[in-house]
Amino acid sequence: MSATAEMPYFIKPSQNLSGPEKRTAYAEARAAILATIGDEQDETVKMVTINCLLKTYLPYYYWVGFYLVRGENQLVVGPYQGTLGCLYIEFGRGVCGTVAASGVTKIVDDAHALKQGTEHIACDPNSRSEIVVPVRRADGSLMGVFDVDSTLKASFDQVDQEELEQLLIAVFTKA
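Keep in mind that this is a model prediction, so the values were computed, not measured.

Draft legend 1. Up close: the overall build of the protein. Within the protein, the secondary structure is distributed over four helices and six strands. Listing each helix as α and each strand as β along the protein from the N terminus yields α-α-β-β-β-α-β-β-β-α. Along the first, second and third principal axes, the C-alpha atoms of the protein reach 45 × 40 × 30 Å. Put simply, of all contacts in the protein between residues at least 6 apart along the chain, 60% involve residues at least 24 apart. Across the protein, the mean location of the 15 positive side-chain charges is 2 Å away from that of the 22 negative side-chain charges.

Rendered as structure tokens:
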């Protein structure tokens, strides 16, 4: 695909929020997610709920989803909302693979500036910036990574990192 691919009819372009607007949107989304999930134990149910409600409350979320650990060093696409995601990602490759290997959240202001194929894997040319957060289970094992893309440069910042890390800990490390 070229970097000028037409936006799919079912996807809206991203709209950035200010810091205070982000905090409000995350608070509303978190309340809705936790109320909906309740005592649910199934990881897939939790993932689809998170995807749906974060994409609903945060208008700069273009693509949102999980890549799950498979085997020793591979991620496989899990539940997501948006255009077609990469099916498989090796640990250490692209932003998601790098986060899986390091266990450290990564924010990318301009994915198009990264070296394609190694630093970034372009699944959708409309994705411009992203944040990827490692997701752990209660036992500390890596379940996968949570990936969010925006069609705009520099959509993600420390607010997103703090809010997403806290939410994912609250949802997936409950015993």
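Picking up where we left off.
Draft legend 2. Broad picture of the sheet that holds strand E1 (residues 63-70). Strand order in this open sheet of six strands is E3-E2-E1-E6-E5-E4, and the pairing throughout is antiparallel. With partners counted over all chains shown, the strands left at the sheet margins are strand E3 (88-90) and strand E4 (106-108), one partner each. Direction aside, the axes of adjacent strands within the sheet are offset by 25 degrees on average. In the sheet, strand E2 (residues 74-81) pairs with E3 via three bridges, with the strands oriented antiparallel. From the neighbouring strand, Val76 faces E3, where its bridge partner is Tyr88. Across the sheet, helix H2 (residues 43-57) is in contact with E1, E2 and strand E6 (142-150); its angle to E2 comes to roughly 55 degrees. Lying over the sheet, helix H4 (residues 158-172) contacts E1, E4, strand E5 (129-136) and E6, oriented at roughly 25 degrees with respect to E5.

Draft legend 3. Up close: the pattern of salt bridges. Enumeration according to the criterion identifies seven salt bridges in this entry. Here Lys22 ties to Asp157 by a salt bridge, and the two come within 3.2 Å at their closest N and O atoms. Of this pair, Lys22 sits in helix H1 (residues 19-37) while Asp157 is found in the loop between E6 and H4, placing the two residues 135 residues apart along the sequence. Accessibility expressed as a relative area gives 2% for Lys22, which makes it buried. Its relative accessible area of 30% is what places Asp157 among the partly exposed residues. Taken together, the salt bridges that share partners define one network made up of Lys22, Asp157 and Asp160.

The rules behind the values
Residues numbered from 1 in each chain as written. Predicted model: local features only at pLDDT ≥ 70, side-chain atom pairs only at ≥ 80, totals over all residues. Heavy atoms only, no water. Helix = DSSP H or I, 4+ residues; strand = E, 2+ residues; numbered from the N terminus. Contact = heavy atoms within 4.5 Å. Lys, Arg positive; Asp, Glu negative; His and termini not counted. Charge placed at Lys NZ, Arg CZ, Asp CG, Glu CD. Pairing = 2+ DSSP bridges. Axes fitted to C-alpha atoms, helices over the stretch in contact; angles between N-to-C directions. Salt bridge = Lys/Arg side-chain N within 4 Å of Asp/Glu carboxyl O. Buried < 20%, exposed > 50% of the residue type's maximum accessible area, 1.4 Å probe, protein only.

Bear in mind that shape data such as this cannot, by itself, settle questions of function.
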